[in-house]
6 protein chains.
Amino acid sequence: MTNEEAKRQFQAIFGEAGEQVLQRIESYSPRLVGHIYDYIAGNLYQDKSLDLRTRELCVISCLAAQGGLNEQLAVHVRTALRGGVKNEEIVSAIEAVGTYAGIPRALNALFTAIQIFEERNQ
Amino acid sequence: MTNEEAKRQFQAIFGEAGEQVLQRIESYSPRLVGHIYDYIAGNLYQDKSLDLRTRELCVISCLAAQGGLNEQLAVHVRTALRGGVKNEEIVSAIEAVGTYAGIPRALNALFTAIQIFEERNQ
Amino acid sequence: MTNEEAKRQFQAIFGEAGEQVLQRIESYSPRLVGHIYDYIAGNLYQDKSLDLRTRELCVISCLAAQGGLNEQLAVHVRTALRGGVKNEEIVSAIEAVGTYAGIPRALNALFTAIQIFEERNQ
Amino acid sequence: MTNEEAKRQFQAIFGEAGEQVLQRIESYSPRLVGHIYDYIAGNLYQDKSLDLRTRELCVISCLAAQGGLNEQLAVHVRTALRGGVKNEEIVSAIEAVGTYAGIPRALNALFTAIQIFEERNQ
Amino acid sequence: MTNEEAKRQFQAIFGEAGEQVLQRIESYSPRLVGHIYDYIAGNLYQDKSLDLRTRELCVISCLAAQGGLNEQLAVHVRTALRGGVKNEEIVSAIEAVGTYAGIPRALNALFTAIQIFEERNQ
Amino acid sequence: MTNEEAKRQFQAIFGEAGEQVLQRIESYSPRLVGHIYDYIAGNLYQDKSLDLRTRELCVISCLAAQGGLNEQLAVHVRTALRGGVKNEEIVSAIEAVGTYAGIPRALNALFTAIQIFEERNQ
């Protein structure tokens with residue numbers, strides 16, 4: 001996949017919210033931005049062992065477990081919802097984070113997810 | 001669900017490896033063991049918003065991201081495989097952990113997963 | 001303990017600040033809210049092996065060590081103070097977090113605690 | 001407090017298990033060993049805002065929450081028990097870690113604590 | 001080194017941004033403030049095994065890897081820049097954090113660093 | 001850089017210890033192994049904004065701060081030493097981790113580093 005194709009893949013997967021994250025760092029860290037386009041969008045997300053819905057629920061679990069990553073979590077919640085994941089599937093994955101990484105991490109992830117659910121409802 | 005039913009659910013979901021973890025703590029922390037039977041097996045895992053396969057891939061992501069939880073990760077890798085998850089789906093979820101929580105966490109999770117894949121191959 | 005009693009226990013222990021946290025997630029994650037009422041308030045906090053003051057200092061240590069959990073830390077600092085824990089006991093527990101989890105985690109926890117100390121002084 | 005007094009305080013507080021940890025690093029990192037004697041034993045632990053029993057339960061919570069610190073956790077469980085903390089108080093603090101930092105972190109801390117409880121019973 | 005000299009060292013190393021952090025906690029936790037002056041500024045930073053530039057890049061890596069420490073990260077980015085570290089050296093260290101602690105931790109650290117780069121450019 | 005060149009770069013940088021890590025996962029996760037060759041060895045480590053010595057001290061700080069990554073830490077300590085970093089520089093970076101991520105994380109990293117220092121002395 002060429003760099004241009006990878007960039008288009010990135011935009012198709014992560015939309016405007018993802019793109020805005022990269023624009024903030026592009027001129028300072030072209031290496032990291034290039035890596036995100038080429039490896040994440042152009043390679044990792046092209047792996048069809050997991051469908052997009054399962055992948056996004058896994059990434060949401062991974063981000064919520066670590067804590068302090070609300071902005072990135074928001075990008076993946078939006079990507080999941082655009083890909084057809086239902087609110088209650090995201091909630092269920094985060095409830096499991098409560099058990100396996102502590103209730104406070106789950107609460108913070110829910111606050112982020114619910115804010116996005118409600119924006120979309122308006 | 002009665003406590004006895006929750007205990008049987010636990011055994012059905014997590015098998016012998018899960019049971020052995022709880023036996024090591026049962027006489028010292030009946031509260032935590034009771035909580036694991038009643039809430040995790042009897043409530044969280046009864047939520048059908050996520051099927052068992054998706055749930056286990058999410059929990060594997062959550063554990064791998066935190067690090068230092070190889071024993072618990074092994075229980076969930078075994079549960080996933082017994083539930084029909086394929087090796088390459090687990091590998092794909094862990095590869096995403098490499099991106100979202102660092103390559104070293106992914107390597108450690110892969111070491112644990114691969115050891116279980118190979119035991120089952122023998 | 002019935003669900004209603006557990007809910008009253010929760011309100012008695014964590015007060016208005018705790019209640020507000022749960023109201024934000026209640027309609028999306030009744031499972032997690034129910035778990036917090038029934039298990040945390042109705043079971044964990046009923047265990048008298050630790051008195052409330054010691055328990056809250058332990059929970060404050062646990063939250064401060066992980067980082068990124070200021071909102072939950074604030075709830076437990078308020079609960080501790082309402083239960084008669086003195087400012088200097090909380091400061092002393094957080095100073096230990098500086099040694100055992102790094103000075104930056106301790107600084108962040110102190111910022112949160114001091115803000116609450118000062119609100120109560122006014 | 002002189003360095004020699006701080007060293008004696010350290011030995012009085014943490015015993016042989018603590019001393020062995022420092023002997024492994026002494027010739028390579030005299031700065032860190034000196035810091036542990038002078039600041040931890042000679043200053044932090046001299047602060048009487050928290051009694052030793054409460055302090056150790058807080059430190060156990062702080063270490064258990066972070067994970068991957070079994071050796072240091074063992075030193076503090078031994079210190080707590082020598083200082084008169086009861087097994088069930090340690091278990092209760094770790095059960096709270098299960099809620100506030102995830103069940104897997106609590107399980108690992110319990111494994112470490114129970115091993116020490118059982119050694120002392122023999 | 002006397003306490004007064006250590007305090008002057010601290011101000012010389014960390015400047016106004018560092019001093020403001022300590023002023024917020026000084027009256028509540030003189031122990032921690034004293035420790036930061038005496039040990040960090042008066043001892044750790046006097047160790048010439050690492051020059052200031054290398055040390056700050058290491059501390060930036062350590063803070064960025066843990067996450068949720070933006071305020072402390074900002075202090076060390078400013079200290080690094082005042083000490084002659086170039087923007088691209090800080091970016092390169094943070095890019096490595098992306099590989100070894102996950103892309104999201106690196107993105108958050110870059111957001112903090114870039115904001116400081118841009119303030120200084122104005 | 002071709003894949004073959006990146007692989008040779010990897011071997012030149014990380015030596016036998018690094019190679020052994022990848023051999024354990026190669027047949028299960030060719031994507032992650034390819035990524036490590038191409039991106040880490042072939043791109044990240046080719047960035048000359050940081051020289052190898054500074055880079056390795058930063059990566060050691062990043063790994064030590066997270067905890068539970070002893071095997072990966074060992075690879076980077078060996079790489080640093082082969083590249084001319086002195087024992088006391090590594091010790092100094094880890095002492096800073098004690099301040100910025102907690103003494104226990106620093107102790108564990110020192111145990112790993114000292115074991116390697118001593119193997120090389122024999």
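Throughout this description, residue numbers start from 1 for each chain and increase along the sequence as written. Following the order in which they are written, the chains are lettered starting with A and the ligands numbered starting with 1. Two thresholds apply to this predicted model, a pLDDT of at least 70 for residue-level local features and 80 or more for giving and counting side-chain atom pairs, whereas whole-chain, interface and lining totals are computed over all residues. Note that the side-chain values use all heavy atoms of the structure and ignore hydrogens as well as water.

Peer 1: Would you explain the interface of chain D and chain B in this entry?
Peer 2: Frequently, the measure chosen for interface size is the accessible area that the parts lose on association. Note on contacts: a residue pair qualifies if any of its non-hydrogen atoms lie within 4.5 Å across the two residues. Every contact between the two is made by 16 residues of chain D and, on the other side, 17 residues of chain B. For the chain D and chain B pair, buried surface summed over both sides reaches about 1400 Å², with 66% attributable to carbon and sulfur atoms. Salt bridges are defined as contacts in which a side-chain nitrogen from Lys or Arg sits within 4 Å of a carboxyl oxygen from Asp or Glu. Where chain D packs against chain B, one counts 1 salt bridge. With a shortest N-O distance of 3.0 Å, B:Arg31 and D:Glu95 are connected by a salt bridge. Residues adjacent in sequence count toward polar contacts only when both atoms are side-chain atoms; beyond that, a polar contact is any pair of N or O atoms within 3.5 Å, and within protein one must be able to donate a hydrogen and the other to accept it. The interface formed by chain D and chain B includes 8 residue pairs in polar contact (both at pLDDT 80 or more). Put simply, the parts of the chain that give the side of chain D that touches chain B at least two residues each are α5 (87–101) and α6 (103–121) of chain D. At 12 residues, the largest contribution of residues to the side of chain D that touches chain B is made by α6(D). For the side of chain D that touches chain B, the per-class residue count stands at 10 nonpolar, 3 polar and 3 charged. Two parts placed together each lose some accessible area under a 1.4 Å probe, and the buried area is that loss summed for both. Each helix corresponds to a stretch of at least 4 residues labelled H or I by DSSP, and each strand to a stretch of at least 2 residues labelled E; elements are numbered beginning at the N terminus. Polar here means any residue outside two lists: the nonpolar Ala, Val, Leu, Ile, Met, Phe, Trp, Tyr, Cys and Pro, and the charged Asp, Glu, Lys and Arg; Gly therefore counts as polar.

Peer 1: Looking at this structure, I do not really get the relation of the copies chain D and chain B. What am I missing?
Peer 2: Two copies of the chain are present, and they differ by a rotation about an axis and a shift along that axis. Copies are brought into register by a least-squares superposition over C-alpha atoms of residues with pLDDT of at least 70 in both. Rotating chain D by 120° and translating it 0.0 Å along the rotation axis places it on chain B, where the RMSD comes to 0.0 Å. Here the transformation between the copies is reduced to the relation of a three-fold axis. Using C-alpha coordinates, one finds that chain D approaches the rotation axis most closely at D:Gly68, a distance of 3.1 Å.

Peer 1: Help me understand the packing of helix α1 (residues 3–25) of chain C against helix α2 (residues 30–41) of chain C, please; the structure alone is not making it clear to me.
Peer 2: Each packed pair of helices is defined by two parameters, the angle between the axes and the distance between the axes. Residue and element names in this part refer to chain C. Angles run from 0 to 180 degrees between N-to-C directions of axes, and those axes are lines fitted to C-alpha atoms, restricted for helices to the stretch in contact. For the pair α1 and α2, interaxial distance at closest approach is 9 Å and the crossing angle is 130°. As judged from the angle between their axes, α1 and α2 are oblique. Crossing of α1 over α2 shows right-handed handedness. Together, Asn3, Ala6, Lys7, Gln9, Phe10, Ile13, Phe14, Glu19, Leu22 and Ile25 of α1 and Leu32, Val33, Ile36, Tyr37, Asp38, Ile40 and Ala41 of α2 make up the contact between the two elements. Across the contact of α1 with α2, the residue classes tally to 12 nonpolar, 2 polar and 3 charged. Should an angle lie under 35 degrees it is considered roughly parallel, over 145 roughly antiparallel, and from 65 to 115 roughly perpendicular; all remaining angles are considered oblique. Crossing handedness is defined as follows: a turn of the near helix away from the far one that is anticlockwise and smaller than a right angle gives a left-handed crossing, while the clockwise case is right-handed.

Peer 1: When you look at helix α6 (residues 103–121) of chain E in this model, what are you seeing that I'm missing?
Peer 2: Helical geometry: 3.6 residues make up each α-helical turn, so side chains three or four residues apart lie on a common side. By this rule the span expected of a helix is its residue count minus one, scaled by 1.5 Å. Here α6(E) contains 19 residues, and its C-alpha end-to-end distance of 26 Å stays within 8% of the 27 Å for a straight helix at 1.5 Å per residue. Only protein chains enter the accessibility calculation, which uses a 1.4 Å probe. A residue is then buried if its area is under 20% of the maximum for its type, exposed if over 50%, and partly exposed in between. Of all 19 residues making up α6(E), 14 are buried, and the element is well covered by its neighbours.

Peer 1: So what exactly am I meant to see when it comes to the packing of helix α3 (residues 52–66) of chain E against helix α5 (residues 87–101) of chain E here?
Peer 2: All names here are of chain E. At a closest axis distance of 9 Å, the pairing of α3 and α5 adopts a crossing angle of 35°. As for how α3 packs across α5, the hand of that crossing is right-handed. Contact residues: α3 offers Arg53, Leu57, Ile60, Ser61, Ala64 and Ala65, while α5 offers Glu89, Ile90, Ala93, Ile94, Val97 and Ala101.

Peer 1: Explain the interface of chain A and chain B to me, please; I cannot follow it from the model alone.
Peer 2: Across the boundary between the two partners, chain A contributes 29 residues, which contact 29 residues of chain B. Here chain A and chain B share an interface that buries about 2300 Å² over both sides, 68% of which is from carbon and sulfur atoms. Three residues, A:Cys58, A:Cys62 and A:Tyr100, lead the burial of chain A against chain B; their summed loss comes to 26% of the area buried on that side. In this assembly, chain A and chain B are joined by 0 salt bridges. Applying the counting rule to chain A against chain B returns 6 residue pairs in polar contact (both at pLDDT 80 or more). For the side of chain A that touches chain B, the elements supplying multiple residues, two or more each, are α2 (30–41), α3 (52–66) and α5 (87–101) of chain A.

Peer 1: Please clarify how the nonpolar core should be interpreted in this entry.
Peer 2: The tendency in soluble globular proteins is for nonpolar side chains to be buried side by side. Nine residue types can take part in a nonpolar core, namely buried Ala, Val, Leu, Ile, Met, Phe, Trp, Tyr and Cys, and a core is a set of them joined through side-chain atoms within 4.5 Å. Counting residues in each nonpolar core, the largest one holds 306 residues, and the members touching the most others are A:Ile90, B:Ile90, C:Ile90, D:Ile90, E:Ile90 and F:Ile90. The residues touching F:Ile90, leaving out its near neighbours within four places in the chain, are F:Leu57, F:Ile60, F:Val77, F:Ala80, F:Leu81, F:Val85, F:Ala113 and F:Phe117.

Peer 1: Sorry if this is basic, but what is going on with the relation of the copies chain A and chain B here?
Peer 2: The two copies are related by a screw motion: chain A maps onto chain B through a turn of 180° and a shift of 0.0 Å along the axis, at an RMSD of 0.0 Å. Taken together, the turn and the small shift mark the pair as related by a two-fold rotation axis. A shared binding surface is used by both copies, with 100% of the interface residues of chain A retained as interface residues in chain B.

Peer 1: Would you take a moment to explain the side chain of D:Arg105 for this structure?
Peer 2: Here D:Arg105 shows up in helix α6. When near neighbours in sequence (up to four residues on either side) are disregarded, D:Arg105 contacts B:Gln66, B:Gly67, B:Gly68, B:Leu69, D:Ala64, D:Ala65, D:Gln66, D:Gly67 and D:Val97.

Peer 1: Help me out: how do you make sense of the pattern of salt bridges in this one?
Peer 2: Oppositely charged side chains are able to pair whenever their charged atoms sit close together. Here the structure, examined in full by the defined rule, presents 36 salt bridges over all chains. Its salt-bridge partner being A:Glu71, residue A:Arg24 comes within 2.6 Å of it at the nearest N-O pair. Here A:Arg24 is found in helix α1 (residues 3–25), whereas its partner A:Glu71 is found in helix α4 (residues 70–82), with 47 residues between them in sequence. Judged by its relative accessible area of 33%, A:Glu71 falls in the partly exposed class. In this structure, C:Glu119 engages C:Arg78 in a salt bridge whose closest nitrogen and oxygen atoms are separated by 3.1 Å. Highlighted residues: C:Glu119 in helix α6 (residues 103–121) and C:Arg78 in helix α4 (residues 70–82), separated in sequence by 41 residues. A relative accessible area of 37% means that C:Glu119 is categorised as partly exposed. The structure contains a network of salt bridges with shared partners spanning A:Arg31, E:Glu95, F:Asp47 and F:Arg55.

Peer 1: Just checking my understanding: could you explain the environment of B:Gly18 for this structure?
Peer 2: Residues and elements named next belong to chain B. Its place among the elements puts Gly18 in helix α1 (residues 3–23). Judged by its relative accessible area of 3%, Gly18 falls in the buried class. When the C-alpha positions of Gly18 and Val75 are compared, they lie 5.9 Å apart, and in sequence the two are 57 residues distant. Contact partners of Gly18, with chain neighbours within four places excluded, come to Phe10 and Val75.

Peer 1: What exactly am I supposed to notice about the environment of F:Glu19 here?
Peer 2: Residues and elements named next belong to chain F. By secondary structure assignment, the location of Glu19 is in helix α1 (residues 3–23). Each C-alpha atom, one on Glu19 and one on Lys7, is 9.5 Å from the other, the two residues being 12 residues apart in sequence. When near neighbours in sequence (up to four residues on either side) are disregarded, Glu19 contacts Lys7, Phe10, Gln11 and Tyr37.

Peer 1: Would you mind going over the packing of aromatic side chains with me for this structure?
Peer 2: Each aromatic ring pair is summarised here by two numbers: the centre-to-centre distance and the angle between the ring planes. Working definition: a ring pair exists when centres of Phe, Tyr or Trp rings (six-membered ring for Trp) sit within 6.5 Å. Plane angles under 30 degrees give stacked, over 60 give edge-to-face, the rest tilted. One pass over the full model with this rule turns up 24 aromatic pairs over all chains. Consider the rings of D:Phe14 and D:Tyr45, whose centres lie 5.1 Å apart with planes at 80°: the pair is edge-to-face. Of this pair, D:Phe14 sits in helix α1 (residues 3–23) while D:Tyr45 sits in the loop between α2 (30–41) and α3 (52–66), and the two are 31 residues apart along the sequence. Both residues of the pair, D:Phe14 and D:Tyr45, count as buried. Considering the side-chain rings of F:Phe10 and F:Phe14, the 5.0 Å spacing of their centres and the 50° angle between planes classify their relative orientation as tilted. You can see F:Phe10 and its partner F:Phe14 sitting in helix α1, 4 residues apart, about one turn around the helix. The pair formed by F:Phe10 and F:Phe14 is uniform in burial state, with each residue classed as buried. Sitting above the plane of the B:Tyr45 ring, B:Arg55 keeps its charged end 5.2 Å from the centroid. Charge-over-ring placement is defined geometrically: NZ (Lys) or CZ (Arg) within 6 Å of the ring centre, and within 35 degrees of the ring normal. One residue, C:Arg24, lies across the ring of A:Phe111, its end atom 3.6 Å from the ring centre.

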